[in-house]
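# Architecture at a glance
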Amino acid sequence: MPDSSISKFFEKSRKERLDIIANFANLSNDELDLLQIENGGISYNQADKMIENAIGTFSLPLGIATNFKINGKDYLVPMVIEEPSVIAAASKGAKIARIKGGFKVLADKSYSIGQIQLLDVTDIPLAIKKINNSSDEILQLANSKSNTLSKMGKGAKEISCKEVNAPSGKMLIVELLIDVGDAMGANVTNTMCESVSPLIETIVGGRSLLRILSNYSTRRITKAMATFEKEAVGGKIVVDNIVSAFEFADNDVYRAVTHNKGIMNGTIAVANALGQDSRAIEAAANAYAAKTGRYRSLSKWSKDDAGNLVGTLEIPLSIGIVGGIANVHPIAKICTKILGVSSAQELACVITATGLAQNYSAIKALATEGIQKGHMRLHARNLAAAAGATPEQIDKIVQKMIEEKKITLDGARELLEQI
Ligand code: MEV
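Throughout what follows, the structure given in this document is the object of discussion. Every chain is numbered on its own, with residues counted from 1 as its sequence reads. Thresholds applied to this predicted model are a pLDDT of at least 70 for local features of residues and 80 or more for the giving and counting of side-chain atom pairs; totals over whole chains, interfaces and linings are not thresholded and use all residues. The side-chain figures draw on all heavy atoms in the structure; neither hydrogens nor water molecules are used.

### So, the overall build of the chain
Helix and strand definitions follow DSSP, with helices as H or I runs of at least four residues and strands as E runs of at least two, each counted in order from the N terminus. Scanning the chain from N- to C-terminus turns up 17 helices and ten strands. The dimensions of the chain, computed from C-alpha atoms along their principal axes, are 85 × 50 × 40 Å. Relative accessibility decides the category of a residue: with a 1.4 Å probe and only protein chains considered, values under 20% of the type maximum give buried, values over 50% give exposed, and everything between is partly exposed. In the chain, which comprises 419 residues, the proportion classed as buried is 49%. A contact between two residues is defined here by any heavy atoms of the two lying within 4.5 Å. Put simply, of all contacts in the chain between residues at least 6 apart along the chain, 72% involve residues at least 24 apart. Computed by Shrake-Rupley with a 1.4 Å probe, the accessible areas treat only the displayed protein chains as cover when residues are assessed. Counting every atom, the chain has about 20,400 Å² of accessible surface; 52% of that belongs to carbon and sulfur.

What follows is the structure, given as structure tokens:
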């Protein structure tokens, strides 16, 4: 079984890294060539077909987080992000989690929620009864819009109704619950909502207005858990301090937003690499953070009986591995292959575990030496590498740059010459 705990991956050359990835994920020569094309994978012509008024493309760094073991399987995790330290932090978090077996993650089935807004309904309780009585007919019509889902035994499964009180009066909201399988499912959800709204109007009277999916995907929750061994974390005091850091986030919205932003550093970087709709993920995560009526930490940190640190992260995730740009963008396709996920649920597990690993490393740094020291060390390391230092020279140069507080490319070049 492939092993994702690759020692000193960050010190390897690009070629060595690519060889490791190619070997791990069975990449073809064509796929390796594509990864090395400097425009980030899509041509202007492809971009022009994706969006309106296209004038070019915009690349971001793609890196690989190592050490991930999730539900017993090893993963090399592609991450697209412009921020330094994030990939190192995710890899470090995964390395510590690995000692106690890695991440245990459970993902719900992929149920999407579609909403139909009905106005001018005179008797809402009666309308709800009528909709419930006609639910088979409505579901059948919805399902006639997707042969693919129907053939797989998926598709629209349930209908529910709720009343929303607005300043202009009461409105009836009908919700479709749709098993979208391995797709993100936005298109099929919108299509189904639009297709059933005339039928719903004839059943209850009134007028339908909005017909659209809800991005608050509370029927697609993923929950990750990992134990971080006490000594590897830094001992009892560090464990206690990390729990205090969590309590700060869980009880103060100003800290909670930053804490959750750190989680998003992990989740969104993986989502970006695999061509997911990151806005949908963030919008849902933020609403979920406020589900108790107060915006809180998305993760929870505590100690087990042996004093080890235990972290959990629960987030809604509407993501997919079929349809959307995940199947169009050549680099997103290769990233899916590197990750080796075969279902949307498996991808949800990886995204959530990466968010938890990232959160661990951020609060561990904050609760110990502070965030800047590690940042500067990494920055120095990148500069030393950019100056042309070999892996053997890098540590020496980094140490000197930090001692001399001269962390610049010129400084790295000078030190390299001296060596
Ligand atoms: C920086 O991108 C993320 C952190 O601010 C997260 C946190 O404060 O927990 C380090």
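### Some points on the site of the ligand
By convention in these notes, a residue is near a molecule or strand provided one of its non-hydrogen atoms lies within 4 Å of it. The environment of the ligand is made up of Glu83, Arg255, Thr258, His259, Lys261, Gly262, Asn265, Ala362, Leu366 and Ile371. Within 3.5 Å is the distance limit for a polar contact, defined as a pair of N or O atoms, with the added protein rule that one can donate a hydrogen and the other accept it, and that residues adjacent in sequence qualify only through two side-chain atoms. The contact in question runs from an oxygen atom of the ligand to an N or O atom on the side chain of arginine 255, over 2.7 Å. In the model, an oxygen atom of the ligand is placed 2.7 Å from a nitrogen or oxygen of the lysine 261 side chain. In the complex, 83% of the free accessible area of the ligand, which totals 300 Å², lies under the protein chains. Going through the elements one at a time, helix H11 (253–273) and helix H14 (344–366) are the ones with two or more residues in the shell around the ligand. Per-element tally for the shell around the ligand: the top contributor is H11, with six residues. Each residue belonging to the shell around the ligand can be placed in one class, and the counts come to three nonpolar, four polar and three charged. Three categories are distinguished: nonpolar for Ala, Val, Leu, Ile, Met, Phe, Trp, Tyr, Cys and Pro, charged for Asp, Glu, Lys and Arg, and polar for the others, with Gly belonging to the last.

### Let's talk about helix H15 (residues 371–386)
Between the first and last residue of a helix there are one fewer steps than residues, each counted as 1.5 Å, and that sum is the expected span. With 16 residues, H15 should reach 22 Å at 1.5 Å per residue; the first-to-last C-alpha distance of 23 Å fits that figure. By the burial criterion, the buried members of H15 are Ala380, Arg381, Leu383 and Ala384. Across the axial projection of H15, the buried residues extend over an arc of 165°, all falling on one side. As for H15, its buried residues are in contact with helix H16 (391–403) and helix H17 (409–418). Two residues or fewer past H15, glycine 388 is found with a positive phi of approximately 105°. The arc in question is the one traced by the directions running from the helix axis out to the C-beta atoms.

### A look at the sheet that holds strand E6 (residues 169–179)
Taken in spatial order, the four strands of this open sheet run E5-E6-E4-E7, and their pairing is antiparallel. For this open sheet the edge positions go to strand E5 (155–166) and strand E7 (207–214), each flanked by a neighbour on one side alone. Neighbour-to-neighbour, the strand axes of this sheet turn through a mean angle of 20°, independent of strand direction. At least two DSSP bridges between two strands are required for those strands to pair. When E5 meets E6, the two strands line up antiparallel, connected through eleven bridges. Among the inter-strand pairings, alanine 166 is bridged to a residue of E6, identified as glycine 169. Axis angles are defined between N-to-C directions and span 0 to 180 degrees, where every axis is a line fitted to C-alpha atoms and, for a helix, only to the segment in contact. Each of E5 and E6 is contacted by helix H5 (residues 124–133), which is oriented at about 20° to E6, the strand it contacts most. Here helix H6 (residues 135–143) sits on the sheet in contact with E5 and E6, set at roughly 115° to E5.

### Some remarks on the sheet that holds strand E3 (residues 104–107)
The strand order across the open sheet formed by four strands is E3-E8-E10-E9, and the pairing between neighbours is antiparallel. Bordering the open sheet on either side are E3 and strand E9 (299–303), each of which pairs with just one other strand. Each strand axis lies, on average, 10° off the axis of its neighbour in the sheet, ignoring direction. Judged from the four bridges that link them, E3 and strand E8 (residues 221–228) form a sheet pairing that is antiparallel. By the bridge assignment, valine 105 is partnered in E8 with alanine 224.

### Some thoughts on the pairing of E6
Counting buried residues in E6 gives nine out of eleven residues, a clear majority hidden from the surface. By the bridge criterion, eight bridges tie strand E4 (residues 111–119) to E6 in an arrangement that is antiparallel. Note on E6: the bridge partner recorded for glutamine 115 is glutamate 175.

### Let's talk about the packing of aromatic side chains
In this scheme Phe, Tyr and Trp rings, the latter by its six-membered ring, pair at centre separations within 6.5 Å, and the angle between planes marks the pair as stacked below 30 degrees, edge-to-face above 60, and tilted otherwise. Under the defined criterion, the tally for this structure stands at four aromatic pairs. Taking 5.4 Å as the distance between ring centres and 55° as the angle between the ring planes, the aromatic pair formed by phenylalanine 228 and tryptophan 301 counts as tilted. Of the two residues, phenylalanine 228 sits in strand E8 while tryptophan 301 sits in strand E9, which places them 73 residues apart along the sequence. With a relative accessible area of 0%, phenylalanine 228 lands in the buried category. Its relative accessible area of 2% is what places tryptophan 301 among the buried residues. Ring centres 4.3 Å apart and planes at 10° place the aromatic pair phenylalanine 228 and tyrosine 360 in the stacked group. Of this pair, phenylalanine 228 sits in strand E8 while tyrosine 360 sits in helix H14; the two residues are 132 residues apart in sequence, bridging distant segments of the chain. Taken together, the aromatic side chains of Phe228, Trp301 and Tyr360 make up a single cluster linked through ring pairs. We call a charge positioned over a ring when the NZ of a Lys or the CZ of an Arg lies within 6 Å of the ring centre and within 35 degrees of the ring normal. The lysine or arginine in question, arginine 219, covers the ring of tyrosine 111, its NZ or CZ lying 5.6 Å from the ring centre. A cation over a ring is seen here: lysine 291 above tyrosine 288, with NZ or CZ 4.3 Å from the ring centre.

### Some words on the side chain of serine 214
Considering the arrangement of structural elements, one finds serine 214 in strand E7. A polar contact is formed between the side chain of serine 214 and the backbone nitrogen of tyrosine 216, at a distance of 3.0 Å. Ignoring sequence-local partners within four residues, the contact set of serine 214 consists of Ile113, Gly114 and Gln115.

### Comments concerning the pattern of salt bridges
Basic side-chain nitrogens of Lys or Arg form a salt bridge, by our definition, when they fall within 4 Å of a carboxyl oxygen of Asp or Glu. Considering all chains together, one arrives at 20 salt bridges under this definition. When the shortest N-O distance is used, the salt bridge between aspartate 120 and arginine 207 registers 3.2 Å. You can see aspartate 120 sitting in the loop between E4 and H5 and its partner arginine 207 sitting in strand E7, a full 87 residues away along the chain. Given a relative accessible area of 41%, arginine 207 falls into the partly exposed group. The residue arginine 413 makes a salt bridge to aspartate 410 at a minimum N-O spacing of 3.6 Å. One end of the pair, arginine 413, and the other, aspartate 410, are both in helix H17, three residues apart, so they sit about a helical turn from each other. Each of Asp3, Lys69, Asp74 and Arg98 takes part in salt bridges that share partners, so that together they form one network.

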